[in-house]
Amino acid sequence: MSDENGTPATPAGSTATGPRPEPLRFFGTTWVHHDNGYALRRAGVAVGSLLAAAAACFVLRFAFEGIQIANSGAFVTLLVVVMFAVCSALAFGHTWGGFTKRPDPERQSSLRGLLAIGFIGTLLAYFFRSLTEAPGEKLHRQEYEEAREQFARRTTRRSGNPSKKRRRS
């Protein structure tokens, strides 16, 4: 702690030995070195998200049957099918893009309803991404490597006396 203002001597997310990796949902910090059951967790996320998407489709099937039993017409049924398809596609694209760059919090909150309706797209994005890496690992690894490089640059010592440096002419 700094004596003057009570703030920590090291910045948030770092220690005296360097920056700490940010934990990922379902993975913690196992994504850094791919240890402590990382492969098993990835397989679990893939299977879990696929099973959740299948269960969601099964539940939606009952909703469509309810619409058909209500005899609301082909137009309403088509409208509901298109709505779920479009929202799922948009949710897939938004979630997939969120794995490679930080989403804007304001845009994220404005899309909350769309993402809730298109939850199947979000689950499928998690499934497909977990086949190659932990969802969000690439973004977190890039940020972690940049933080480590900045830390290394800040902590390297200069060699030699700067006053004895030769002047350029």
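Fair warning: this is a prediction, and the values are worked out from it, not measured in the lab.

Thresholds applied
- Residues numbered from 1 in each chain as written.
- Predicted model: local features only at pLDDT ≥ 70, side-chain atom pairs only at ≥ 80, totals over all residues.
- Heavy atoms only, no water.
- Salt bridge = Lys/Arg side-chain N within 4 Å of Asp/Glu carboxyl O.
- Helix = DSSP H or I, 4+ residues; strand = E, 2+ residues; numbered from the N terminus.
- Buried < 20%, exposed > 50% of the residue type's maximum accessible area, 1.4 Å probe, protein only.
- Phe/Tyr/Trp six-rings, centres within 6.5 Å; stacked < 30°, edge-to-face > 60°.
- Lys NZ or Arg CZ within 6 Å of the ring centre and 35° of its normal.
- Core = buried A, V, L, I, M, F, W, Y, C linked by side-chain atoms within 4.5 Å.
- Contact = heavy atoms within 4.5 Å.
- Axes fitted to C-alpha atoms, helices over the stretch in contact; angles between N-to-C directions.
- Parallel < 35°, antiparallel > 145°, perpendicular 65-115°, else oblique.
- Left-handed = near helix turned anticlockwise from the far one by under 90°.

1. Description of the pattern of salt bridges
In this structure the tally under the stated criterion is 6 salt bridges. Note that E65 and R61 form a salt bridge whose closest N and O atoms lie 3.4 Å from each other. Here the residue E65 and the residue R61 both occupy positions in helix α1 (residues 38-69), the gap between them amounting to 4 residues, near one helical turn. Its relative accessible area of 29% is what places E65 among the partly exposed residues. The salt bridge involving R141 is made with E137; its shortest N-O contact spans 2.9 Å. Linking R141 with E137, this pair stays in helix α6 (residues 137-155), spanning 4 residues, or about one helical turn. Taking the relative accessible area as the measure of exposure, R141 reaches 24% and is therefore partly exposed. Assessed through its relative accessible area of 4%, E137 is described here as buried.

2. Thoughts on the packing of aromatic side chains
Here a ring pair, both rings aromatic, is described through the centre-centre distance and the interplanar angle of the planes. Inspection of the entire model under this criterion finds 9 aromatic pairs. Judged by centre distance (6.3 Å) and plane angle (75°), the rings of F92 and F128 are edge-to-face. Note that F92 is positioned in helix α2 (residues 74-98) and F128 in helix α5 (residues 119-130), a separation of 36 residues in sequence. The class of F92 is partly exposed, set by a relative accessible area of 27%. A ring pair is formed by F99 and Y126, whose centres lie 5.4 Å apart and whose planes are at 90°; its orientation type is edge-to-face. One end of the pair, F99, is in the loop between α2 and α3 (105-110); the other, Y126, is in helix α5, and 27 residues separate them in sequence. F99 sits in the buried class, given a relative accessible area of 5%. Chaining the aromatic ring pairs together yields one cluster made of F92, W96, F99, Y126, F127 and F128. The ring centre of W96 lies 4.5 Å from the NZ or CZ of R129, which sits over that ring.

3. Considerations on unusual backbone geometry
Although it is not a glycine, F26 sits at a positive phi angle of roughly 75°. Within the element layout of this structure, F26 appears in the loop between β2 (18-19) and α1. Although it is not a glycine, N36 sits at a positive phi angle of roughly 55°. In this fold, N36 is placed in the loop between β2 and α1. Taking the relative accessible area as the measure of exposure, N36 reaches 61% and is therefore exposed.

4. Quick word on the nonpolar core
If you look at the biggest cluster of nonpolar residues, it comprises 11 residues: L24, F27, W31, V32, Y38, V45, F99, A125, Y126, A134 and Y144. Every element with two or more residues in this core is listed here: α1 and α5. Once residues within four sequence positions are removed from consideration, F99 is found in contact with A125, Y126, R129, P135, G136 and L139. If you look at the next biggest cluster of nonpolar residues, it comprises 6 residues, including A56, L60, F84 and I120.

5. Some points on the packing of α1 against α5
One way to put it is that α1 packs onto α5 with a least axis distance of 8 Å and a crossing angle of 155°. In this view, α1 runs roughly antiparallel relative to α5, as classed from their interaxial angle. Pair α1 / α5 crosses with left-handed handedness. Facing α1, whose interface residues are R42, V45, A46, S49, L50, A52, A53, A56, C57 and L60, α5 presents F119, I120, L123, L124, Y126, F127 and S130.

All quantities given are derived from atomic positions and should not be read as evidence of function.
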